[in-house]
Amino acid sequence: MAYKISEDCISCGACAADCPVGAISEGDSIYLIDESACIDCGACADTCPVGAPQA
Ligand code: SF4
Ligand code: SF4
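A brief look at the structure comes next. Note that the coordinates shown come from a computational prediction; the quantities given were computed from them, not determined experimentally. (Residues numbered from 1 in each chain as written. Chains lettered and ligands numbered in written order. Predicted model: local features only at pLDDT ≥ 70, side-chain atom pairs only at ≥ 80, totals over all residues. Heavy atoms only, no water.)

### Section: the overall build of the chain
Along its length, the chain carries 2 helices and 4 strands. When the helices and strands of the chain are placed in sequence order, the string is β-α-β-β-α-β. Taken over the C-alpha trace, the chain has a radius of gyration of 9 Å; the compact-globule value for 55 residues is 10 Å, and the two agree within 12%. The proportion of buried residues among the 55 residues of the chain is 33%. Contacts in the chain between residues far apart in sequence, at least 24 positions, make up 56% of those at least 6 positions apart. As presented, the chain carries roughly 3,400 Å² of accessible surface, and 47% of it is formed by carbon and sulfur atoms. (Helix = DSSP H or I, 4+ residues; strand = E, 2+ residues; numbered from the N terminus. Rg over C-alpha atoms; globule rule 2.2 N^0.38 Å. Buried < 20%, exposed > 50% of the residue type's maximum accessible area, 1.4 Å probe, protein only. Contact = heavy atoms within 4.5 Å. Areas by Shrake-Rupley, 256 points an atom, 1.4 Å probe, with all protein chains shown as cover.)

Printed below as a string of structure tokens:
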């Protein structure tokens, strides 16, 4: 199961910088996680100021 970023995302970019496999990129309105690349480490959830990445 990959993490997913909810609509609560404020596009700060912190999670993309912390993802060890580069699975997070900027989307049109929120950041997006490439489910095929995510290794479920939880770093994005730990970093996010608004709790947008969910397992
Ligand atoms: Fe990247 Fe880990 Fe978040 Fe998956 S759970 S998107 S690997 S930081
Ligand atoms: Fe969005 Fe949270 Fe990532 Fe910032 S850290 S871009 S608010 S998901």
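### With respect to the site of ligand 1
Neighbouring residues of ligand 1: 13 residues in total, closest Cys19, Cys38, Cys41, Gly42 and Cys44. Along the lines of polarity and charge, the residues of the shell around ligand 1 split into 11 nonpolar, 1 polar and 1 charged. (Near = heavy atom within 4 Å. Nonpolar A, V, L, I, M, F, W, Y, C, P; charged D, E, K, R; others polar.)

### As for the site of ligand 2
The environment of ligand 2 is made up of 14 residues, and the closest members are Cys9, Cys12, Gly13, Cys15 and Cys48. Per-class residue counts for the shell around ligand 2 are 12 nonpolar, 2 polar and no charged.

### Here's the deal with the nonpolar core
In terms of nonpolar packing, the biggest core is built from 13 residues, with Ile5, Cys9, Cys15, Ile24, Tyr31, Ile33 and Cys44 touching the most fellow members. Other than its neighbours up to four places away in sequence, tyrosine 31 contacts Ile5, Cys9, Ser11, Gly13, Cys15, Ala16, Ile24, Ser25 and Glu26. (Core = buried A, V, L, I, M, F, W, Y, C linked by side-chain atoms within 4.5 Å.)

### Brief notes about unusual backbone geometry
A positive phi angle, near 55 degrees, is found at serine 11, a position not held by glycine. Positionally, serine 11 belongs in the loop between strand E1 (4-5) and helix H1 (14-18). For serine 11, a relative accessible area of 27% puts it in the partly exposed group. Backbone geometry at aspartate 40 places phi at a positive 65 degrees, although glycine is not the residue there.

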